[in-house]
Amino acid sequence: IRTPTEDIDECIFDIVHHMNKGINLIRTPEQKYDGARLNLRAGQKAMCSLSFHSASKYCISGIKILGNECWGVNYDLTIDLHNMAGKASLAIGDYESMKTIAASILANATCFEDEVFAHV
């Protein structure tokens, strides 16, 4: 990312929108983690502005970017994305997505505190 760090929050939605359009170009683990982190950041900002559909979309995109190995490779980022995606899915009434996300959390969480959302 070439955008100065202090300017990222101002244009996070534009950055993530364009990045997600080129999701198939993300190849290296570092690019995947950066992309997932940016999606989480956009999801958090969307949640704060009560844009739950957008928050869900960003967090689910972040999960997709990380891929199947996400739990073993970057656990903290993965649990944060899943928790945020689950909360956003609950807020918009997307219970099927919420169930899928909760099942993934329960199957992979390493401690009870990380499972709390999945029990809601």
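Engineer: How should helix H6 (residues 75-92) be read in this particular structure?
Structural biologist: Since one α-helical turn is 3.6 residues long, residues separated by three or four positions face the same way. With 18 residues, H6 should reach 26 Å at 1.5 Å per residue; the first-to-last C-alpha distance of 26 Å fits that figure. Against the buried residues of H6 lie helix H3 (29-48), helix H4 (52-66), helix H5 (70-73), helix H7 (95-108) and helix H8 (112-115). Gly93 lies just past H6 and shows a positive phi near 80 degrees.

Engineer: Is there a simple way to think about the pattern of salt bridges in this case?
Structural biologist: Oppositely charged side chains are able to pair whenever their charged atoms sit close together. According to the stated counting rule, one finds four salt bridges in the structure shown. Linking Asp34 and Arg37 is a salt bridge whose minimum nitrogen-to-oxygen distance equals 3.3 Å. Of this pair, Asp34 and Arg37 both sit in helix H3, three residues apart, roughly one helical turn. We classify Asp34 as partly exposed; its relative accessible area is 36%. Judged by its relative accessible area of 42%, Arg37 is partly exposed. The salt bridge partner of Lys99 is Glu96, with a shortest N-O separation of 3.5 Å. In this pair, Lys99 and Glu96 are both assigned in helix H7, three residues apart and thus about one turn of the helix distant. When sorted by exposure, Lys99 lands in the same class as Glu96, which is exposed.

Engineer: Mind showing me how you'd approach the packing of helix H2 (residues 12-21) against H4 here?
Structural biologist: A pair of packed helices is characterised by two quantities: the angle between their axes and the separation of those axes. Packing of H2 against H4 brings their axes to within 12 Å, and their N-to-C directions diverge by 45 degrees. Here H2 lies oblique to H4, going by the angle between them. The element H2 and its partner H4 pack so that their crossing is left-handed. Only Tyr58, Ser61 and Ile65 of H4 make contact with H2, whose side of the interface consists of Phe13, Val16, Met19 and Asn20. In the contact of H2 with H4, the residues fall into five nonpolar, two polar and no charged.

Conventions and cut-offs
Residues numbered from 1 in each chain as written. Predicted model: local features only at pLDDT ≥ 70, side-chain atom pairs only at ≥ 80, totals over all residues. Heavy atoms only, no water. Helix = DSSP H or I, 4+ residues; strand = E, 2+ residues; numbered from the N terminus. Expected span 1.5 Å × (residues − 1). Contact = heavy atoms within 4.5 Å. Salt bridge = Lys/Arg side-chain N within 4 Å of Asp/Glu carboxyl O. Buried < 20%, exposed > 50% of the residue type's maximum accessible area, 1.4 Å probe, protein only. Axes fitted to C-alpha atoms, helices over the stretch in contact; angles between N-to-C directions. Parallel < 35°, antiparallel > 145°, perpendicular 65-115°, else oblique. Left-handed = near helix turned anticlockwise from the far one by under 90°. Nonpolar A, V, L, I, M, F, W, Y, C, P; charged D, E, K, R; others polar.

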